[in-house]
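Read off the chains here:
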Amino acid sequence: MKICVVTDMEGLAGVDAWEQCYATDDASPAYRHGLEQLAADTNAAVAGCLDAGATEVVVWDGHGRNGQRAFTRVALDPRAKRRRLEVGTPVRLDGLDTATAGVVMVGQHAMAGTLGGFLDHTQCPKEICRFLINGEEHGEMSQFALHAGAFGVPLLHVSGDEALCAEARRLFPWVGTTATKRGTGWETCELYPTGTVRANIRQDVAAAIKRLSQAQVWRLPSPIEVTVEYAWSALADRLAAVPGVRRSHARVVSWTIPDGRWIYNWPSVDWHPVG
Ligand SMILES: [Zn+2]
């Protein structure tokens, strides 16, 4: 049984500051602290996968600022395999295929605009106000559920702040959740004790995998419409110039993808949507 895990940092236990996720200097003590929290939460999830009988655990470092190098700097449980997100058309998460039993998210954050979300955002913090799939607001958790769903693979468990857990319960009621903290402002939160949270992650991930037969695959009929509302018109200009992209408002652009495999491909010189 193969389980794939994608990691992020804003929703980690023990992370309570922007600098811990985004400091530009690799040697920054705050960022180093963030990476250590990443390893601890991820290794708890890996242990949970193995407890539940997984025979293969694949981990991707999904936090953009890390450049996929986080687990070269802090140690991933050697029983898990470190894999990469491969740029391409469509983007490929190396190891995610139809043979995968389920996917798990660690350190995830709520979608842009969530009240009570700590560092909530969708893709670009401070630039994107809303991200919509077929006209409904979604965030990065939904993108991953849709991407995995295109391979027939269900999202099984997420860990993150209370706002992310509430988002999961609302959109994907079969998904298990572990709360790591409670947001008190965009950049402030109340952390829960990290030892307890990591014990919960291990236990809850294992329980979610054992409920696999109740999990649902999130698949949408083709075609799927993606809409992005930017905070500022100039931010929409570049995408609006790509063939196939529609602009319904100075700050709002939309495009169409054939299925969830394409959710991570944004219109660019390398790829433009059809129609
Ligand atoms: Zn992130």
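What comes next is a walk through the structure. Quick caveat, the model's predicted, so the values are computed rather than measured.

Cut-offs applied
- Residues numbered from 1 in each chain as written.
- Predicted model: local features only at pLDDT ≥ 70, side-chain atom pairs only at ≥ 80, totals over all residues.
- Helix = DSSP H or I, 4+ residues; strand = E, 2+ residues; numbered from the N terminus.
- Rg over C-alpha atoms; globule rule 2.2 N^0.38 Å.
- Buried ≥ 20, exposed ≤ 12 C-beta atoms within 10 Å, placed from the backbone.
- Contact = placed C-beta atoms within 7 Å.
- Pairing = 2+ DSSP bridges.
- Core = buried A, V, L, I, M, F, W, Y, C linked by C-beta atoms within 7 Å.
- Axes fitted to C-alpha atoms, helices over the stretch in contact; angles between N-to-C directions.
- Expected span 1.5 Å × (residues − 1).
- Left-handed = near helix turned anticlockwise from the far one by under 90°.
- Nonpolar A, V, L, I, M, F, W, Y, C, P; charged D, E, K, R; others polar.

**Details of the overall build of the chain**
Here comes step 1: When you go through the chain residue by residue, the secondary structure sums to seven helices and 15 strands.
Here comes step 2: Taken against the 2.2 N^0.38 rule, which gives 19 Å for 275 residues, the C-alpha radius of gyration of the chain at 18 Å falls within 12% of a compact globule.
Here comes step 3: Viewed in the frame of its principal axes, the chain has a C-alpha envelope of about 50 × 40 × 35 Å.
Here comes step 4: Out of the 275 residues belonging to the chain, those deemed buried represent 48%.
Here comes step 5: Within the chain, counting contacts between residues at least 6 apart in sequence, those at least 24 apart form 66% of the total.

**With respect to the pairing of strand S7 (residues 128-133)**
Here comes step 1: Bridge count for S7 against strand S13 (residues 224-230) is five bridges, and the pairing is antiparallel. Looking at S13, one finds that Phe131 is bridged to Val228.
Here comes step 2: Where S7 and strand S8 (residues 136-137) come together, two bridges link them in antiparallel fashion. Bridging across to S8, Ile133 finds its partner in Glu136.
Here comes step 3: Once S7 ends, the chain turns through two residues before running back antiparallel as S8, passing Asn134 with a positive phi of about 50°.

**Remarks on the sheet that holds strand S14 (residues 246-249)**
Here comes step 1: Taken in spatial order, the five strands make up an open sheet running S8-S7-S13-S15-S14, and their pairing is antiparallel. Taken across any chain shown, the strands that pair with only one partner, and hence form the sheet edges, are S8 and S14.

**What about the nonpolar core?**
Here comes step 1: With 78 residues, the main nonpolar core has Val5, Cys49 and Val57 as its most contacted residues.
Here comes step 2: In terms of residue count, helix H2 (residues 29-51) provides more of this core than any other element does, nine residues in total.

**A closer look at the pairing of strand S2 (residues 56-61)**
For a regular strand, the rule is simple: side chains alternate between the two faces of the sheet.
Here comes step 1: With respect to burial, S2 is a largely interior element, five of its six residues being buried.
Here comes step 2: With six bridges connecting them, strand S1 (residues 2-7) and S2 associate as parallel partners. If you follow Lys2 over to S2, its bridge partner there is Glu56.

**What to know about the sheet that holds strand S10 (residues 176-179)**
Here comes step 1: Strand order in the open sheet formed by six strands is S3-S2-S1-S6-S9-S10, and the pairing between neighbours is parallel. Among the strands making up the open sheet, the edge pair consists of strand S3 (81-83) and S10. Across this sheet, the average inter-strand angle for adjacent strands is 20°, counted without regard to direction.

**Some points on helix H6 (residues 194-210)**
Because each turn of an α-helix spans 3.6 residues, side chains separated by three or four positions end up pointing in the same direction.
Here comes step 1: Under the 1.5 Å per step criterion, the end-to-end length of H6 is 24 Å for 17 residues, consistent within 8% with the ideal 24 Å.
Here comes step 2: Along H6, the positions that sit buried rather than exposed are Val197, Arg198, Ile201, Arg202, Asp204, Val205, Ala206, Ala208 and Ile209.
Here comes step 3: Buried residues belonging to H6 abut S1, H2, strand S6 (100-108), strand S9 (155-160) and S10.

**Focus on the environment of Leu239**
Here comes step 1: If you trace the backbone, Leu239 turns up in helix H7 (residues 233-240).
Here comes step 2: Residues Leu239 and Asp77, spaced 162 residues apart in sequence, show a C-alpha to C-alpha distance of 40 Å.
Here comes step 3: Sequence-distant contacts of Leu239, that is, excluding residues within four places in its chain, are made with Val245, Val253 and Pro267.

**Observations regarding the packing of H2 against H6**
Here comes step 1: Between H2 and H6, whose axes approach to 7 Å, the crossing angle comes to 35°. The two elements H2 and H6 cross, and the hand of that crossing is right-handed. For the pair formed by H2 and H6, the contact residues are Ala40, Asp41, Ala44, Ala45, Ala47, Gly48, Cys49 and Asp51 on the first element and Arg198, Ile201, Arg202, Gln203, Val205, Ala206 and Ile209 on the second.
Here comes step 2: Of the residues assigned to the contact of H2 with H6, the class counts are nine nonpolar, two polar and four charged.

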